[in-house]
Amino acid sequence: MNIQIFGKSKCFDTKKTERWFKERRIKYQFIDLPRFGMSGREFDSVLQGVGGIDKLIDWDSKDPQVTLMKYMDDKTAKEDKVFDEPKLMKTPVVRNGKQVTVGYCPEVWSQWE
């Protein structure tokens, strides 16, 4: 397994995710999303893995940009906005090759083992 965890250092679910993998002695790479973001290929792979931009956006965020995005119809504009500002993503984003989850999903990760 080649696990990548994209998350925010102060996110509770990201910390729970790291703990879940540590307890099972599964090696992973942590990427601080607000600081480093994702490469273009990683972002495209994540979008394809989760099934679209709307599943990647943190709709519960209090960020005014997320509120504006609720009224945007242009999928490409949403993708560009989220790619440029990764803080708008729901975290953690966990990748294992082409398999991707958003949020805390131990029931899915246990099937990756």
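Preceding block: the structure.
Residues numbered from 1 in each chain as written. Predicted model: local features only at pLDDT ≥ 70, side-chain atom pairs only at ≥ 80, totals over all residues. Heavy atoms only, no water.

A. Representation of the packing of aromatic side chains in the model. Per the stated rule, a full pass over the model turns up six aromatic pairs. Each ring, one from tyrosine 104 and one from tryptophan 109, has its centre 5.5 Å from the other, and the planes form 85°; the classification is edge-to-face. Under the relative-accessibility criterion, tyrosine 104 is labelled partly exposed at 30%. The class for tryptophan 109 is buried, based on a relative accessible area of 1%. Taken together through their ring pairs, the aromatic side chains of Trp20, Phe21, Tyr28, Tyr104 and Trp109 make up a single cluster. Cation over ring: lysine 16 sits above tyrosine 104, and NZ or CZ is 4.2 Å from the ring centre. (Phe/Tyr/Trp six-rings, centres within 6.5 Å; stacked < 30°, edge-to-face > 60°. Buried < 20%, exposed > 50% of the residue type's maximum accessible area, 1.4 Å probe, protein only. Lys NZ or Arg CZ within 6 Å of the ring centre and 35° of its normal.)

B. A look at the packing of helix 3 (residues 40–50) against helix 5 (residues 75–84). Between helix 3 and helix 5, the shortest axis-to-axis distance is 11 Å and the interhelical angle comes to 125°. It follows that helix 3 is oblique to helix 5 by the angle criterion. In this structure, the crossing between helix 3 and helix 5 has a hand that is right-handed. Residues Gly40, Phe43 and Leu47 of helix 3 lie in contact with helix 5, whose contacting residues are Glu79, Val82 and Phe83. (Axes fitted to C-alpha atoms, helices over the stretch in contact; angles between N-to-C directions. Helix = DSSP H or I, 4+ residues; strand = E, 2+ residues; numbered from the N terminus. Parallel < 35°, antiparallel > 145°, perpendicular 65-115°, else oblique. Left-handed = near helix turned anticlockwise from the far one by under 90°. Contact = heavy atoms within 4.5 Å.)

C. How the structure looks around the nonpolar core. Core analysis: the biggest nonpolar cluster contains 19 residues, and Met38, Phe43, Leu56, Val82 and Val93 have the highest contact counts within it. For this core, the secondary structure elements donating two or more residues are helix 3, helix 4 (64–69) and strand 4 (99–102). Among the elements that line this core, the one with the most residues is helix 3, at four residues. Once residues within four sequence positions are removed from consideration, methionine 38 is found in contact with Phe6, Leu33, Phe43, Val46, Phe83, Met89 and Val93. Membership of the second largest hydrophobic core comes to nine residues, among which are Ile5, Trp20, Trp109 and Trp112. (Core = buried A, V, L, I, M, F, W, Y, C linked by side-chain atoms within 4.5 Å.)

D. How the structure looks around the environment of aspartate 13. Along the chain, aspartate 13 falls in helix 1 (residues 12–23). Separated by 77 residues in the primary sequence, aspartate 13 and lysine 90 have C-alpha atoms spaced 9.9 Å apart. Leaving out residues up to four positions away in the same chain, aspartate 13 has contacts with Thr91, Pro92 and Tyr104.

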